[in-house]
Amino acid sequence: MNVSRLDGDQLLARAGELAELLVDAVDGGASVGFLAPLDRAVAEAWWKERAAGPFAVWMAVDGGRIVGTVSLAFPDKPNSRHRAELVKLMVHRRARGRGLGRTLLATAERAAAAAGVTLLHLDTETDSPAERLYRGAGWTRAGMIPDYAADPAGVLRGTTLYYKHLSALTG
Ligand SMILES: CC(C)(COP(=O)(O)OP(=O)(O)OC[C@H]1O[C@@H](n2cnc3c(N)ncnc32)[C@H](O)[C@@H]1OP(=O)(O)O)[C@@H](O)C(=O)NCCC(=O)NCCS
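Quick notes on the rules
- Residues numbered from 1 in each chain as written.
- Predicted model: local features only at pLDDT ≥ 70, side-chain atom pairs only at ≥ 80, totals over all residues.
- Helix = DSSP H or I, 4+ residues; strand = E, 2+ residues; numbered from the N terminus.
- Expected span 1.5 Å × (residues − 1).
- Buried ≥ 20, exposed ≤ 12 C-beta atoms within 10 Å, placed from the backbone.
- Core = buried A, V, L, I, M, F, W, Y, C linked by C-beta atoms within 7 Å.
- Contact = placed C-beta atoms within 7 Å.
- Near = placed C-beta within 6 Å.
- Nonpolar A, V, L, I, M, F, W, Y, C, P; charged D, E, K, R; others polar.

(A) Structural detail: helix α4 (residues 100–114). With 15 residues, α4 extends 21 Å between its outermost C-alpha atoms, agreeing within 8% with the 21 Å of an ideal straight helix rising 1.5 Å per residue. When we look at burial in α4, the residues that qualify are Leu100, Gly101, Leu104, Leu105, Ala108, Glu109 and Ala112. In the stretch just after α4, Gly116 is the one whose phi turns positive, near 90 degrees.

Written out as structure tokens, the structure is:
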């Protein structure tokens, strides 16, 4: 298993594979911004649009195929250069339960700290498996917002907000 960051050209070239991951996550019921069924072309276009933005994407590759991903979204506000939002942490259902999610999360955290980011934040569906992953990785629960977003089936679910200070990683 190899985890690496995609540059803009790689992101455009491999948007189709990343789209497969997004479609798989939605098919599996994960609340990642889309309703089911998610059209593969829509998912691919979403990834391609990210190539232009303040966005960093990592991929986990196994047997030449992308099986997991995580991204950081950087705010464009001048007063927010110290923070980033962790988004789209996804592992293909075939590859889950082997520590890949934890590895991708740690990779993004290390890269953020190395880039001078001192605060990460995210939101995730309340009571989803991902919550345990974040808590286990030392993230702090900031609170919960009910009825925040529709799950893939269209049912409104709460979201839980988490944050993590990275100063400990940079020493
Ligand atoms: C969340 C997700 C990325 C975890 O990926 P993974 O590779 O299976 O995770 P790991 O094997 O690294 O597991 C790490 C920890 O996560 C937690 N975890 C993972 N899957 C879990 C599950 N089904 N139920 C409960 N906890 C779970 C556990 O704490 C686990 O540690 P442990 O095995 O020591 O108990 C994956 O389930 C996924 O892609 N889900 C769909 C997309 C999603 O919801 N992403 C989060 C959006 S914010």
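(B) Highlighting the nonpolar core. Core analysis: the largest hydrophobic core is formed by 41 residues, its most contacted members being Leu22, Leu104 and Ala108. Elements with a minimum of two residues in this core: α2 (15–27), α3 (40–50), β2 (55–62), β3 (65–73), β4 (83–91), α4, β5 (119–125) and α5 (129–136). Element by element, the count of residues in this core is highest for α2, at 7 residues. Once you skip the residues sitting within four places of it in the chain, Leu104 turns out to touch Val3, Trp58, Ala60, Gly68, Val70 and Leu89.

(C) Fine view of the site of the ligand. Around the ligand there are 21 residues in total, and Arg96, Gly101, Arg102, Pro129 and Leu133 lie nearest to it. For the shell around the ligand, the elements supplying multiple residues, two or more each, are β4, α4, β5 and α5. The biggest single contributor to the shell around the ligand is α5, with 5 residues. Its residues placed into classes, the shell around the ligand shows 11 nonpolar, 6 polar and 4 charged.

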